[in-house]
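# Report on the structure
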Amino acid sequence: MRLVFLGPPGAGKGTQAVMLSERRGILHLSTGDILRENVKRRTEIGKKAKSFMEKGELVPDDMVIEMMIETIKTGNKDKGFILDGFPRTLYQAKKIDGELEGLNLPIDTVFYFKTSIDIVIFRLTGRRLCKDCGANYHIKNMPPKKEDVCDKCGGELYQRKDDSEETIKKRLEVYNSQTEELIGYYRGKGILKELSGDLDADVVYEEIFGILKKDL
Ligand code: AMP
């Protein structure tokens, strides 16, 4: 099962990918997480990507494509994989489709998380993450038991720099101008399934599960 999760930032793609990956053992590949890890470790990729990410702009296509192809090739894909936040431009989509077809691993389903702008802003401005294990919280919807402390590992919670209101605006502009056209691209291929990203995570999961269950 090879999936793409497509939608604006804050649509819940990452949350669903974590749920599906933990419950079904499907490899979860989040471009944003992989890039943030590179920034943290100060790798060459991280050094080049940092300023684009802080401004809410896309990291250059060829760099991201190469990084993702390498990650897909080396990962344990026995149960398939979820591409979360990738591709994000038509160029990335065409390039990765060509590569995956060459590897005999074409994408089977693209889930498009259609989400209202107010919900996206509410989720992103209140989002907090654990510095150590990466667990996700929301100050209103899903607060930790103890303020700023991760329930799972006791790590410190932080707010992503690009979750500031100004950078969120930029990220949404980038989504509208560069990523949204992928909806039409995948619809044209007949593999797009639309979901409401506005709904609670458990409801969205049930919907995804219902669509995939014959293959899980
Ligand atoms: P995310 O965690 O998906 O919100 O991604 C955080 C940031 O990483 C984005 O704002 C971009 O700067 C960068 N990024 C993530 N995925 C991609 C991609 N497919 N192409 C280019 N840049 C990306």
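Relevant structure appears above.
Summary of the structure given here. Keep in mind the model is a prediction, meaning the values are calculated, not measured.

## Section: the side chain of Thr179
With respect to the helices and strands, Thr179 occurs in helix α7 (residues 165–179). A distance of 2.8 Å separates a polar side-chain atom of Thr179 from the backbone oxygen of Arg88. Apart from the residues lying within four places of it in its own chain, the contact partners of Thr179 are Leu6, Arg88 and Val174.

## Here we look at the packing of helix α1 (residues 13–24) against helix α9 (residues 201–212)
As a packed pair, α1 and α9 sit with axes 10 Å apart at the nearest point and diverge in direction by 55°. In terms of their interaxial angle, α1 and α9 are classed as oblique. Crossing angle aside, the handedness with which α1 passes α9 is right-handed. Only Ala201, Asp202, Val204, Tyr205, Ile208, Phe209 and Leu212 of α9 make contact with α1, whose side of the interface consists of Thr15, Gln16, Met19, Leu20, Arg23 and Arg24. Here the contact of α1 with α9 is built from residues that sort into eight nonpolar, two polar and three charged.

## What about the nonpolar core?
Grouped together as the largest cluster of nonpolar side chains are 32 residues, with contacts concentrated most on Leu6, Met68, Leu83, Ile107, Val110 and Tyr186. Among the secondary structure elements, those contributing two or more residues to this core are β1 (2–6), α2 (31–40), α3 (44–55), α4 (61–74), β3 (81–84), α5 (90–102), β4 (109–114) and α8 (181–188). Among the elements that take part in this core, α4 stands out by supplying seven residues, more than any other. Setting aside residues no more than four positions away along its own chain, Val110 makes contact with Val4, Leu6, Tyr186, Ile191, Leu192 and Lys193.

## Digging into the site of the ligand
Taken together, 16 residues are adjacent to the ligand, and Arg36, Glu57, Gly85, Arg88 and Gln92 come closest. In isolation the ligand exposes 480 Å². Once the protein is present, 95% of that is buried. No other element matches α2, which puts four residues into the shell around the ligand. Partitioning the shell around the ligand into residue classes produces six nonpolar, four polar and six charged.

## A closer look at the environment of Leu3
Tracing the backbone through its elements, the reader meets Leu3 in strand β1. C-alpha separation for the pair Leu3 and Pro60, spaced 57 residues apart in sequence, amounts to 23 Å. In this structure Leu3 touches Leu20, Phe81, Ile82, Leu83, Thr109, Phe111 and Leu212, once residues within four positions along its chain are discounted.

## A short note on empty space enclosed by the protein
Throughout the structure, instances matching the rule amount to one cavity of 30 Å³ or more. Of the voids in this model, the largest cavity is the one considered here, and its volume is about 50 Å³. What lines the largest cavity is simply Phe5, Leu6, Gly7, Lys13, Gly85, Phe86, Pro87, Arg88, Tyr175 and Thr179. Residue assignment for the lining of the largest cavity shows that the elements contributing at least two residues are β1 and α7.

## Describing the packing of aromatic side chains
Inspection of the entire model under this criterion finds four aromatic pairs. Ring geometry for Tyr205 versus Phe209: centroids 6.1 Å apart, planes at 20°, classification stacked. Placement of the pair is Tyr205 and Phe209 together in helix α9, with a separation of four residues, close to one helical turn. For Tyr205, a relative accessible area of 5% corresponds to the buried category. A relative accessible area of 22% means that Phe209 is categorised as partly exposed. By the ring-pair criterion, three or more aromatic residues cluster together here, those being Phe5, Phe111 and Phe113.

Cut-offs used in this document
Residues numbered from 1 in each chain as written. Predicted model: local features only at pLDDT ≥ 70, side-chain atom pairs only at ≥ 80, totals over all residues. Heavy atoms only, no water. Helix = DSSP H or I, 4+ residues; strand = E, 2+ residues; numbered from the N terminus. Polar contact = N/O pair within 3.5 Å; in protein donor to acceptor, adjacent residues only side chain to side chain. Contact = heavy atoms within 4.5 Å. Axes fitted to C-alpha atoms, helices over the stretch in contact; angles between N-to-C directions. Parallel < 35°, antiparallel > 145°, perpendicular 65-115°, else oblique. Left-handed = near helix turned anticlockwise from the far one by under 90°. Nonpolar A, V, L, I, M, F, W, Y, C, P; charged D, E, K, R; others polar. Core = buried A, V, L, I, M, F, W, Y, C linked by side-chain atoms within 4.5 Å. Buried < 20%, exposed > 50% of the residue type's maximum accessible area, 1.4 Å probe, protein only. Near = heavy atom within 4 Å. Areas by Shrake-Rupley, 256 points an atom, 1.4 Å probe, with all protein chains shown as cover. 1 Å grid on protein atoms, 1.4 Å probe; cavity = no way out; pocket = protein on both sides within 12 Å on 5 of 7 lines; lining within 4 Å. Points joined across faces, edges and corners; volume = space filled by probe spheres on them. Phe/Tyr/Trp six-rings, centres within 6.5 Å; stacked < 30°, edge-to-face > 60°.

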